[in-house]
Amino acid sequence: MIKTEKVLHLKSSRGRKVRVVREHYLREHVPCYSSLCQAQCANEGKVLSGEVTHYVMPDAGVARDFMEILEFREIQGIVFTQTACQAVQHSRGRRQYNRLRSLLKDPRHHCILFANEFQEYSYCPREKGEPQDKWQTRCVYHAAVWYHDHLAGLKPVVMITEDQNAVAEYSSLNCGVYVLCTQEYLQTFWPELQAALELYCSIAQSLQEKGSEGTEREYTEHLPAEVLEAGIKSGRYIQGTLNVNKHRAQHEAFVRFEGSSNKSSELNSDVLVCGGKNRNRAVHGDMVAVELLPKGEWRGRTTALTEGQGEEKGDETQSQPMATGRVVGILQRNWRDYVVTFPPKEETQSQSRNSQRILATPWDQRIPKIRISTQQADKLQDHRVIVRLDSWDSTSLYPNGHSVRVLGRAGELETEVQTILIENCIHVPPFSEAQLGEMPVSSPESPWSVDPAEVITRRDLRQTHLVFSVDPRGCEDVDDTLSIRSLPPGPRGERLELGVHIADVTHFVKEGSLTDLEARARYAMSVMWDLDAQTLAVNTVWYGRTLIQSSYQLYYELAQALLNGEEAEVPELGTIRDAKLAQLTQALETLTHVARQLRAQRDKGGALELEGVEVRAQLDEDRNITALVPRQPLEVHETVAECMIYANHWVARKIQESFPQQALLRHHPPPRQEFFNQLQDSARARGFTIDTRSNKALADSLDRAVDPRDPLVNRLLRVMATMAMSNALYFSTGACPVDQYYHYGLALDRYTHFTSPIRRYADMIVHRLLTAAIAMEKGAGPAKALASNKELEEVAQQINNKNRAAQHAQKVSTELFQCLYFRDKDPETDERCVADAVIYTIRANGMLVFIPQYGLKGAVYLKNREGQVVSERQDGGCDWQTGSLQRYLDHITTTTAVGTSTFNLFQHITVRISVEPSRCHSDTIRLEVVSNRPHQAPETQVQTSQPQGARGRSQLVQEVVRQAEEASQQAEEKRGRASKLSTEEREFRQSKCPNLYSLLEEVRELALLDLAACGAGGGGLGAAAQACATSA
Ligand SMILES: [Zn+2]
């Protein structure tokens, strides 16, 4: 080892230049991490494959500015030098550096780190007076030459740089070591990777524009990091996350301060930040430091409802003045990918002081307009595009960004769905070919077969148990199966054995790899209860790995038909059907009986029956939505769900017993009492009392709150109860006191997710925990060290966040489908735009209504911008008149010269549905009163109180999907792509190129887990539980 000195010129955050001398050790052996190594390097961990045409080595400038290009998984064989990595760390900060580090760790990215500055022969000391960037480029070039020689010239090495002088100086020095600029490199080596080249151009343009920026200051400079830090410590500044008010995005934001950063005790609320200057370039979500303004300048937050037409500009009412401040610095940017809409041509021209710069409007109203330099302004107009923010200097009114990917034309279904997913940070990158390659494929030539070694270690149920699955029609991801049989009587009487068998996914899935459908249907993780046939008391429980053979793959309607004794076609039954059919039907009946009792036990404990989302999309073989199916409460849904809940409960007990400090459970905290106010007020208006002191009291009082004349009343009360609920959450057992393990909705003291490992990551963790628990019982230690309480709690929080995002995406996507359905209909003439609605909440300037026919909820305003109110005519119709509004607990009245109109809680009225279009954001549904009487549907539907109109809803989705299908067909034809897919492709199509509708559907399921968890019971099984009974 050689000791030398390294001189660093660093810049302090105050801007001072500091010269630092560091000892620097050089070694002869520094691992190269290439599989072509000829020198026995100690290459441990990730190693570059030799199966590429060349290795590529970005210089410091490329690594610093074009990291996004290097993130393309297609670009393989990347060697990051230590020099380049340090450049990223020093000039781009911790966040970008972490991104690079995770890239280096990620096994899916073919890149490695070469510590060139520790390598005795590749290190070059900086010469006196040599500019830093020149020196860095020289270092990387020397590293490239060394690397090439080290591999004995077996692989060409391409260094990429943005420095044209370096290209000229180095490119012909060494045979086998090439020097190219990035653009030429992409064009030469990756001509197929158009997206990378486009991204390159977009970033390059943005960098160029930044260099030519003006110097006039628009904002105050941010304070340096050390000043902020000291200021926060001393209590002068307050640290927190900036939250922009969506409805007043330009004017109002709040800083939610975190921790006890502020010493002054008077501050116990958010800090208001008014206007763009005070916000000082902070973007929604950023961690900022704020300074309070003098008390004389404090202001109040806006309280008037600003949504929709009820708002009046001059009518803004402000609350009491509150702590108000200004942003003095940014502690951490939390920028993500944003979807923006490019303006139409007219606007581009009018705003083009510089023709290359476009102001694009983000879909998220809380994000400011983003200035994007592009040469494709014409091509992009009216398109939705993913952009990333680059910088926001004090001289620039708007932040600068660059475009990453075009999603499509605004308003098209595919574009809108993608937008929702991206805006909620739900990433669905297609699986790479390499990943698909590692999947064990079962083909006629080499069929998958059971491994004899596995047979020995597993309990073999293939001959002894009738195993079957019940799922939604067309379900592909069958991961849960059931069994039930009688056991020989024991000392205490008759016995039953209930079994829940879940695909043993963790046996196959090494992290990130795919699994074989065939295989996962045979290996299972099972929970089997030996039960007293009368009381269902548990004699013993067995947990373990099994080998199963599922005899029937049933769907709900079929299973229910068998239970009802109806004629039904069971595909698996051949000619000798009678005996087998009787056996299957018997099993289903026993299962139903058991589930009823289990449910009754939970009911005693206070399990809630709540109201989830009302519609569910039905998928065909190609996973396209063919219809929106209304809730059809079949008992078999509940039966399956109840068995899954039971399995989840018992697995939770098991893993918590085995790992009291580090098991992943799921709890549902009781809701805050004040959230029930609306429910209680509304119920009282109808003469019902809702007791919310416990889940049991709530369940009982909801059961009693039934209006025999209008079943909707009970349904709406349950909707309101659901809205009052908090989310169920994952947690690590060590991070939460035992008395908080309780699941309020399910009325269970322990709960987790075990039954859906294909769909949910949490279930995979639980499978691993259960495996470890079983191993421990047998006296063996777990195969791999388990996550610590702290690690597991972090994972739990991450899944909880993802869940929340999915829930939001689900809500927005429902609105999207509704808007797409009504968008092309003329609300004035189309009968489908007029519907019956029920008032369920009274608000200051209107009311909230529910439209059963479309499963739609929304606000109806009774006062408009002109100060007019809705007034009822003699014939029951309504129009706008000058007048006043009066709100009461259970009704709202309008008074005009004509008279007084009253709107009561739970009253049926007639509304007109239209769409408020928005070019840059999502469209919104608008509702207005047509009459304050129930809707009299035209001749075809005489009875308005019919079971909630299934027709309307399925029409809605059918039409939306038909339009989308036509559009996509046209697009396919345009692309001239063969639409025929191989069987294998079809099978894994969702992975290869996700079908967006099915994806949304999955997001919906995910999002609904919490509702489903509460809603599994009575006649009110939530839609999600129908979609996937295992998700409870
Ligand atoms: Zn080597």
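Since this is a predicted model, take the numbers as computed values, not measurements.

Draft legend 1. Here's a closer look at the overall build of the protein. Scanning the protein for helices and strands turns up 29 helices and 37 strands. Considering the protein as a whole, with its 1032 residues, one finds that 53% of them fall into the buried category. Carbon together with sulfur atoms contributes 49% to the accessible area of the protein, which is approximately 48200 Å² in total.

Draft legend 2. Representation of the pairing of strand E23 (residues 538-547). Of the pairings in the sheet, the one linking strand E18 (residues 459-460) to E23 comprises two bridges and is parallel in character. Note on E23: the bridge partner recorded for Arg-459 is Thr-546. In this sheet, E23 lies alongside strand E22 (residues 523-532) in antiparallel orientation, the contact comprising nine bridges. Within E23, the position partnered with Ser-526 by the bridge is Gly-544. Joining the antiparallel neighbours E22 and E23 is a turn of five residues, in which Leu-536 adopts a positive phi near 65°.

Draft legend 3. Geometry of the layout of surface pockets. Put simply, the second largest pocket is a space of about 760 Å³. Taken together, 31 residues form the lining of the second largest pocket, with Ala-249, Gln-250, Gln-365, Ile-367 and Pro-368 sitting closest to its centre. If you tally residues by element for the lining of the second largest pocket, the top one is helix H9 (residues 275-279), at three residues.

Draft legend 4. Geometry of the environment of Leu-770. Looking at the secondary structure, you find Leu-770 in helix H23 (residues 761-777). According to the relative accessible area criterion, Leu-770 is buried, its value standing at 0%. The spacing of Leu-770 and Tyr-543 is 227 residues in sequence and 8.2 Å in space, taken between C-alpha atoms. Beyond its immediate stretch of four places on either side in the chain, Leu-770 contacts Met-525, Tyr-543, Val-651, Lys-654, Ile-655 and Phe-754.

Draft legend 5. Quick look at the environment of Arg-138. Mapping Arg-138 onto the fold places it in helix H4 (residues 132-150). Taking the C-alpha atoms as reference, Arg-138 lies 7.9 Å from Cys-124; in sequence the two are 14 residues apart. Apart from residues no more than four positions distant in its own chain, Arg-138 is found in contact with Cys-124, Pro-125, Arg-126, Glu-127, Glu-130 and Tyr-170. Polar contacts involving the side chain of Arg-138 include one to the main-chain carbonyl oxygen of Pro-125, which spans 3.0 Å.

Draft legend 6. Expanded view of the coordination of the zinc ion. For the zinc ion, the full set of protein donor atoms is Cys-32 (SG), Cys-37 (SG), Cys-41 (SG) and His-150 (NE2), at a range of 2.0 to 2.3 Å. Each of the four donor atoms around the zinc ion contributes to a set of angles spanning 100 to 116°, which defines the coordination as tetrahedral. For the zinc ion, the donor residues sit on a single chain with the sequence spacing C-x4-C-x3-C-x108-H. Pair noted here: Cys-41 is in the loop between strand E2 (17-26) and strand E3 (55-58) and His-150 is in helix H4, with a separation of 109 residues, a long-range link. Summarising the burial analysis for this pair, Cys-41 and His-150 share the class buried.

Draft legend 7. How the structure looks around the pairing of strand E11 (residues 287-292). Counting buried positions over the six residues of E11 gives five, a clear majority of the element. Pairing geometry for E11 and strand E12 (residues 325-332), over six bridges, is antiparallel. Bridging across to E12, Leu-292 finds its partner in Gly-325.

Draft legend 8. Quick look at the sheet that holds strand E32 (residues 868-872). In space, the four strands of this open sheet follow the order E32-E33-E34-E35, with antiparallel pairing throughout. Each having just a single partner strand, E32 and strand E35 (900-904) make up the two edges of the open sheet. When strand polarity is set aside, the average angle formed by the axes of neighbouring strands in this sheet is 50°. Pairing between E32 and strand E33 (residues 878-887): five bridges, direction antiparallel. Within E33, the position partnered with Val-869 by the bridge is Gln-881.

Draft legend 9. Broad picture of H4. For H4, with 19 residues, the first-to-last C-alpha span of 26 Å sits near the 27 Å given by 1.5 Å per residue. Buried residues dominate H4, accounting for 14 of its 19 residues. Two residues or fewer past H4, Ala-152 is found with a positive phi of approximately 55°.

Draft legend 10. Expanded view of the packing of aromatic side chains. One pass over the full model with this rule turns up eleven aromatic pairs. The interplanar angle of 10° and the centroid separation of 4.9 Å between the aromatic rings of Phe-114 and Trp-146 together place this pair among those described as stacked. Highlighted residues: Phe-114 in strand E5 (residues 111-114) and Trp-146 in helix H4, separated in sequence by 32 residues. Across this residue pair, the class does not change: Phe-114 and Trp-146 are buried. Taken together, the ring pairs connect Tyr-55, Phe-114, Trp-146 and Tyr-147 into an aromatic cluster. Note that Lys-277 overlies the ring of Tyr-219, its terminal NZ or CZ placed 5.0 Å from the centroid. In this structure, Arg-653 packs its charged tip against the face of Trp-650, placed 4.0 Å from the ring centre.

Draft legend 11. Expanded view of the packing of helix H19 (residues 635-658) against H23. Taken N-terminus to C-terminus, the directions of H19 and H23 make an angle of 60°; their axes are 9 Å apart at the nearest point. Classified by the angle their axes make, H19 and H23 are oblique. For H19 against H23, the interelement crossing comes out left-handed. Facing Val-651, Lys-654, Ile-655 and Ser-658 of H19, the residues of H23 in contact are Val-766, Leu-769, Leu-770, Ala-773, Met-776 and Glu-777. Taken together, the residues of the contact of H19 with H23 sort by class into seven nonpolar, one polar and two charged.

Draft legend 12. Expanded view of the side chain of Ser-394. Among the structural elements, Ser-394 can be located in the loop between strand E16 (383-391) and strand E17 (400-409). Among the residues examined, Ser-394 registers a relative accessible area of 6% and is labelled buried. Reaching out from Ser-394, the side chain makes a polar contact with the side chain of Glu-221 at a distance of 2.6 Å. Ignoring anything within four residues of it in the chain, the contact list for Ser-394 reads Glu-216, Arg-217, Glu-218, Tyr-219, Thr-220, Glu-221 and Arg-281.

Draft legend 13. Structural detail: the confidence of the model for the protein. When pLDDT is averaged across the protein, the result is 79; 78% of the residues are at 70 or more. Segment residues 431-442 is flagged for pLDDT under 50; beyond a separation of four residues in sequence, or across chains, it makes 26 contacts in the model.

Draft legend 14. Looking closely at the pattern of salt bridges. Per the stated rule, a full pass over the model turns up 43 salt bridges. In this structure, Arg-99 engages Glu-71 in a salt bridge whose closest nitrogen and oxygen atoms are separated by 2.7 Å. Pair noted here: Arg-99 is in helix H3 (residues 82-105) and Glu-71 is in the loop between helix H2 (67-70) and strand E4 (78-81), with a separation of 28 residues, a long-range link. When salt bridges that share partners are traced, they join Arg-336, Asp-364, Arg-366 and Glu-423 into one network.

What counts, and at which threshold
- Residues numbered from 1 in each chain as written.
- Predicted model: local features only at pLDDT ≥ 70, side-chain atom pairs only at ≥ 80, totals over all residues.
- Heavy atoms only, no water.
- Helix = DSSP H or I, 4+ residues; strand = E, 2+ residues; numbered from the N terminus.
- Buried < 20%, exposed > 50% of the residue type's maximum accessible area, 1.4 Å probe, protein only.
- Areas by Shrake-Rupley, 256 points an atom, 1.4 Å probe, with all protein chains shown as cover.
- Pairing = 2+ DSSP bridges.
- 1 Å grid on protein atoms, 1.4 Å probe; cavity = no way out; pocket = protein on both sides within 12 Å on 5 of 7 lines; lining within 4 Å.
- Points joined across faces, edges and corners; volume = space filled by probe spheres on them.
- Contact = heavy atoms within 4.5 Å.
- Polar contact = N/O pair within 3.5 Å; in protein donor to acceptor, adjacent residues only side chain to side chain.
- Donors = N, O, S within 2.8 Å, 3.2 Å for Na, K, Ca; no water.
- Tetrahedral: all angles 85-135°; square planar, octahedral: opposite > 155°, others 65-115°.
- Axes fitted to C-alpha atoms, helices over the stretch in contact; angles between N-to-C directions.
- Expected span 1.5 Å × (residues − 1).
- Phe/Tyr/Trp six-rings, centres within 6.5 Å; stacked < 30°, edge-to-face > 60°.
- Lys NZ or Arg CZ within 6 Å of the ring centre and 35° of its normal.
- Parallel < 35°, antiparallel > 145°, perpendicular 65-115°, else oblique.
- Left-handed = near helix turned anticlockwise from the far one by under 90°.
- Nonpolar A, V, L, I, M, F, W, Y, C, P; charged D, E, K, R; others polar.
- pLDDT = per-residue confidence, 0-100.
- Salt bridge = Lys/Arg side-chain N within 4 Å of Asp/Glu carboxyl O.

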